[in-house]
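A closer look at the structure
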Amino acid sequence: IAGRLTEQLAAVERARAAAKDRLAAAESLLAAYLREIFGRDAPLSAAPLIPDDGTQPGWRWHLLTSIARLATGHTPSRREPSWWGGDIQWLQLPDIRKVDGRRVTQTIEQTNPLGIANSSSVLLPAGTVCMSRTASVGFVTIMGCEMATSQDFVNWICGPELDPDFLMYLILRCRREIRDLGSGATHHSIYFETVKNFSVCIPPIAEQRRIAAALAQRLVETERIADCIGDELSAIDLLPSSFLQMAFRGANAS
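Conventions adopted
- For every chain, the first residue of its written sequence is number 1, and the numbers climb from 1 along that sequence.
- Local features are withheld for residues below a pLDDT of 70 in this predicted model, meaning they are given only at 70 or higher, and side-chain atom pairs are given and counted only at 80 or more; totals for whole chains, interfaces and linings count all residues.
- Side-chain numbers come from the whole structure's heavy atoms, not from hydrogens or water.
- Criterion for a disulfide: a pair of cysteine sulfur atoms at a distance within 2.5 Å.
- Think of it in three bands: residues with accessible area under 20% of the maximum for their type are buried, residues over 50% are exposed, and the middle band is partly exposed, with areas taken using a 1.4 Å probe on protein chains only.
- Secondary structure elements are taken from DSSP: a helix is a run of H or I of four residues or more, a strand is a run of E of two residues or more, and numbering for both begins at the N terminus.
- Whether two residues are in contact is decided by their heavy atoms, any of which lying within 4.5 Å being enough.
- Only when DSSP finds a minimum of two bridges between them are two strands counted as paired.
- Simply put, an axis is a line fit to the C-alpha atoms, just over the touching stretch for a helix, and the angle between two N-to-C directions goes from 0 to 180 degrees.
- In plain words, nonpolar cores are sets of buried Ala, Val, Leu, Ile, Met, Phe, Trp, Tyr and Cys residues tied together by side-chain atoms within 4.5 Å.
- For each structure, a 1 Å grid was placed over the protein atoms alone; sets of points admitting a 1.4 Å probe that cannot get out are labelled cavities, open sets with protein on both sides within 12 Å along at least five of seven lines are labelled pockets, and lining residues have an atom within 4 Å of a point.
- Grid points are joined across faces, edges and corners, and a volume is the space filled by probe spheres set on the points.
- Residue polarity is assigned by list, with Asp, Glu, Lys and Arg as charged and Ala, Val, Leu, Ile, Met, Phe, Trp, Tyr, Cys and Pro as nonpolar; anything else, Gly included, falls into the polar class.

Applying the stated criterion across every chain yields a total of zero disulfides. Not engaged in a disulfide, the cysteine C145 finds its nearest cysteine sulfur in C130; these two sulfurs lie 10 Å apart. By relative accessible area, which is 26% here, C145 ends up partly exposed. Not engaged in a disulfide, the cysteine C201 finds its nearest cysteine sulfur in C174; these two sulfurs lie 10 Å apart. Overall, C201 belongs to the buried group, its relative accessible area being 0%.

Now for the side chain of S150. For S150, the location among the structural elements is in the loop between β9 (147-149) and β10 (153-158). Filtering out sequence-adjacent residues up to four positions away, S150 remains in contact with G73, H74, T75, W90, L91 and Q92.

Next up on the list: the sheet that holds strand β4 (residues 84-91). Pairing within the open sheet is mixed, and its three strands lie in the order β6-β4-β9. Since the sheet does not close on itself, it has two edges, and those belong to β6 (109-111) and β9, each with one partner. In this sheet, neighbouring strand axes are inclined to one another by 65° on average, regardless of whether the strands run parallel or antiparallel. Sheet topology note: the β4/β6 ladder contains four bridges and is antiparallel. Of the residues in β6, the one forming a bridge with Q89 is Q110.

Another aspect to go through is the nonpolar core. In this structure, F38, L64, W156, Y169, L170, I171 and I178 are the most contacted members of the largest nonpolar core, which totals 39 residues. No other element matches helix α6 (residues 164-173), which puts seven residues into this core. Apart from the residues within four sequence positions on either side, W156 is in contact with L64, A68, R69, L70, T128, V129, M131, L167, I171, V195 and F198.

We now examine the layout of surface pockets. The volume enclosed by the largest pocket comes to roughly 610 Å³. E27, L30, A31, L34 and R175 are, among the 25 residues lining the largest pocket, the residues nearest its centre. For the lining of the largest pocket, the secondary structure elements donating two or more residues are α1 (2-27), α2 (29-38), α6, α7 (175-180) and α9 (205-253). Class assignment of the residues belonging to the lining of the largest pocket gives a composition of nine nonpolar, four polar and 12 charged.

In structure tokens form, the structure reads like this:
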């Protein structure tokens, strides 16, 4: 019995390791797609002078604040319980990892008109692109409905020349470069003044929408693959206890 169990559990560990490798490969697919679309050179710069040469043929550099309105957020006072609870979604850092790279429609906490009126927080429209600038720097989402954010975010309301989904994917592509702009050993942050200097290299709006739609489809496919592998890992995790039960049931029967 012991010998058979040893072999079975070793096989389980091999299967688990192989599934984890496949899951890591699936999760890296989006990064590979982003590099394929956006190319080797990052289409984002924080230099005081806007670059001249486009990163792709037909793409042009723009100061981001010239094609999108920049806004920040605020936290209503926690000392006023009446300012919390309501129907206004309020995006904060604990929300961002779950909604990174997709739309957010529901947040952990909500505020209300009193909280907005008595703080520097503002209501931002659906379609606003939100990027975390403290702690979890460079995570990004798009508001799926009107909501507010904490001061840990910078937010862009895109104009007619910029597609929100394209901007979100561009930020995902440039996450490493964005994080390199941060400062602070304990609390890594990107300051608002740095964000004001962001310039982006983008194609015409029709091409932005085509690229964003293609990437969204690939993201759906990647998530489907990752979910299937996750289900496989869950099933593998149940095998050791199943083997043990069968082994000792057989031993008791003999």
